[in-house]
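Structural features, examined
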Amino acid sequence: MPRSDVPLSQSPYSAPYMSLGSEIVDNFYLERSQSETAKSPFWLVGSQGLLLMRSRSLSNSCRGLFTTSSNRTFGAWGNGLFEVLNQGSTRVQVGELRSFSGPVRFAENGYQMILVDGQCGYIFDLTSSAFSQILDQYFPGLDDPTKGPTHVACVDTYFLVNSSGTNRYYWSAPYYQPYAFDATHPSAKNLWWGLQYGQKIGDTDQIIGMISNVNLLWVFGQNSMEIHQDTGNSAGQLFERISTAPIGFGCAAPDSICKYGNEVFWLGRDRVGTVGVFSCGTDFQPRRISTRGIETRIQRYERIDDCWSYSYAIDGHAYVVWNFPSGTSVDEGPVVGATWCFDLTTQTWTRRTRWDTVSGTSSRWPAQWATYNWSKLLMGDGTTDCLYQLTPDKYENDHPDGGGTDKINRVVTSPIGYNAGRNMRYHSVQLNMQQGTGLRNGPGSDPLVMMAASDDSGFTYGYERFASIGQTGLYKSRTRWTRCGMGRNRVWRFRITEPVRVVVVSMTIEAVAVDR
């Protein structure tokens with residue numbers, strides 16, 4: 001009987017419509033072969049699990065995480081600023097904020113750390129550990145809370161903050177030490193000065209976000225963005241626009257701006273309705289990195305302006321993560337919220353989900369914000385104040401209250417078996433994967449894969465059938481199903497919830513065409 005090897009999801013979520021073959025990959029990442037003699041040029045590996053470092057005590061989600069150059073880690077939960085200690089297992093409150101919700105942004109100059117919460121600004125002295133609200137009369141938002149800063153950056157030891165609802169940003173004194181901004185009054189020294197501000201003037205849209213990258217200030221509006229630099233003219237206009245670097249794509253969500261390495265990433269838009277995910281490096285040329293499949297899903301969300309993003313690296317891969325609290329996906333059943341991950345190493349998109357074992361429903365990934373310290377990748381939680389470590393040696397997610405674990409629902413679907421529209425009889429299908437990964441005892445000792453088939457291009461699936469991955473040491477096992485029926489436009493779905501290492505290479509099909 002004819003046998004064919006079918007690769008699985010080399011470019012997931014690339015097509016805008018299910019009928020075109022938009023393969024699904026949930027809670028996997030793509031690994032490309034570095035050898036010409038490998039069994040396959042690429043394979044799928046189960047994503048890492050969340051290890052609980054500190055269990056929850058309050059229902060306050062993480063508002064931000066930050067690690068300084070001196071390796072001190074801080075986080076914001078509720079209205080508190082906390083320092084994380086003992087490699088993530090404990091924390092102590094070091095300051096009190098005037099707000100209770102919304103992202104908190106951090107920056108440092110080596111001596112002080114500044115943070116803003118959309119209403120106020122705060123300074124934490126890294127030497128004395130003193131915390132205080134910024135009450136300088138020239139600090140934006142002090143006299144009008146609607147103009148409070150939402151973003152902060154540090155360039156050449158200057159702190160820079162935006163003024164909400166305007167096209168202005170302000171900068172502090174260098175090293176955040178009192179400075180005579182007005183040369184005619186050398187004895188009048190300030191930390192901020194009302195005349196020391198820059199403007200986004202290349203277009204008429206207001207500033208909704210900022211980030212520092214390669215020692216430049218990247219200023220975002222809704223329809224365009226600009227890049228500003230330190231001119232060195234401390235007696236005049238210190239920061240001004242680089243006139244040769246205008247970018248005609250703005251930002252659709254203020255908190256979707258993040259960076260990794262020398263690249264800036266954001267959820268972008270323009271005046272004619274384009275919505276997509278963009279990146280831009282030191283060449284100042286924006287690149288559209290979202291696929292048509294990703295863009296189609298994003299544009300159907302009820303809201304996208306509440307999206308936020310962050311980046312991290314683990315196991316030789318770097319990721320940028322976009323969370324959409326108001327995004328509901330219909331892939332593999334309704335998913336409340338959406339978490340999309342872009343792998344910078346392989347340039348592929350996958351989705352992360354949290355699976356409720358009791359109800360069998362999915363929601364967005366619980367991880368929220370990320371930072372690295374003590375050789376650990378630490379992550380906050382989207383609904384509680386617990387703290388996780390993302391680790392490659394864990395294959396399930398700890399529950400935030402410390403009372404058990406949540407299984408990770410790993411899903412991959414095949415390309416559509418079109419076969420020129422012919423009706424096919426499927427004798428068998430085999431999932432080629434790393435075998436014999438079962439645990440010695442308990443859950444996962446005899447791990448199973450659930451397979452279901454669709455004959456309508458993946459819109460609906462039949463009942464699930466089970467096959468073993470192989471108990472520990474049974475490396476010659478085969479994950480195989482026989483007598484798989486007949487159909488056209490066949491799509492195969494494989495689902496794994498076992499707490500074991502999962503490596504999927506490809507699938508092998510034995511099938512013949514029939515005349516009816």
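First things first, this report covers the structure right here in the doc. (Residues numbered from 1 in each chain as written. Predicted model: local features only at pLDDT ≥ 70, side-chain atom pairs only at ≥ 80, totals over all residues. Heavy atoms only, no water.)

Attention now moves to the overall build of the chain. Tallying secondary structure elements over the chain gives one helix and 44 strands in all. Since a compact globule built from 516 residues should have a radius of gyration of about 24 Å, the 26 Å found for the chain is in line with a globular shape. With the principal axes as the frame, the chain shows a C-alpha extent of 90 × 50 × 40 Å. Out of the 516 residues belonging to the chain, those deemed buried represent 56%. The long-range fraction of contacts in the chain, counting pairs at least 24 apart against all pairs at least 6 apart in sequence, stands at 58%. (Helix = DSSP H or I, 4+ residues; strand = E, 2+ residues; numbered from the N terminus. Rg over C-alpha atoms; globule rule 2.2 N^0.38 Å. Buried < 20%, exposed > 50% of the residue type's maximum accessible area, 1.4 Å probe, protein only. Contact = heavy atoms within 4.5 Å.)

We now examine the sheet that holds strand β8 (residues 80-85). Strands sit in the order β6-β7-β8-β9 across an open sheet of four strands; the sheet is antiparallel. Only two strands of the sheet have a single neighbouring strand rather than two, namely β6 (62-67) and β9 (90-96). Recorded for the sheet is a direction-independent mean angle of 25° between the axes of neighbouring strands. (Pairing = 2+ DSSP bridges. Axes fitted to C-alpha atoms, helices over the stretch in contact; angles between N-to-C directions.)

Mapping Q299 onto the fold places it in helix α1 (residues 292-299). Between the C-alpha atoms of Q299 and G276, which are 23 residues apart in sequence, the distance is 8.7 Å. Looking at Q299, its side chain comes within polar contact range of the main-chain oxygen of V275, at 3.5 Å. (Polar contact = N/O pair within 3.5 Å; in protein donor to acceptor, adjacent residues only side chain to side chain.)

Summed over all chains, the structure comprises 19 salt bridges. E295 is paired through a salt bridge with R288; the nearest N and O atoms lie 2.8 Å apart. In this structure R288 comes out as partly exposed when scored by relative accessible area, which is 46%. Ionic pairing is found between R495 and E464, a salt bridge with its closest N-O pair at 2.9 Å. With R495 in strand β43 (residues 491-496) and E464 in the loop between β39 (448-454) and β40 (465-468), the pair connects residues that are 31 residues apart, well separated along the chain. Overall, the relative accessible area of 24% leaves E464 in the partly exposed class. Residues joined in a network through salt bridges with shared partners are R3, R480 and E510. (Salt bridge = Lys/Arg side-chain N within 4 Å of Asp/Glu carboxyl O.)

On to the pairing of strand β16 (residues 168-172), then. Taken across its five residues, β16 has four buried, putting it largely inside the fold. Here strand β15 (residues 158-162) pairs with β16 via three bridges, running antiparallel. Paired with L160 across the strands is W171, a residue of β16. Taken together, the four bridges between β16 and strand β17 (residues 192-199) define a ladder with antiparallel strand orientation. Bridged to S172 within β17 is W192.

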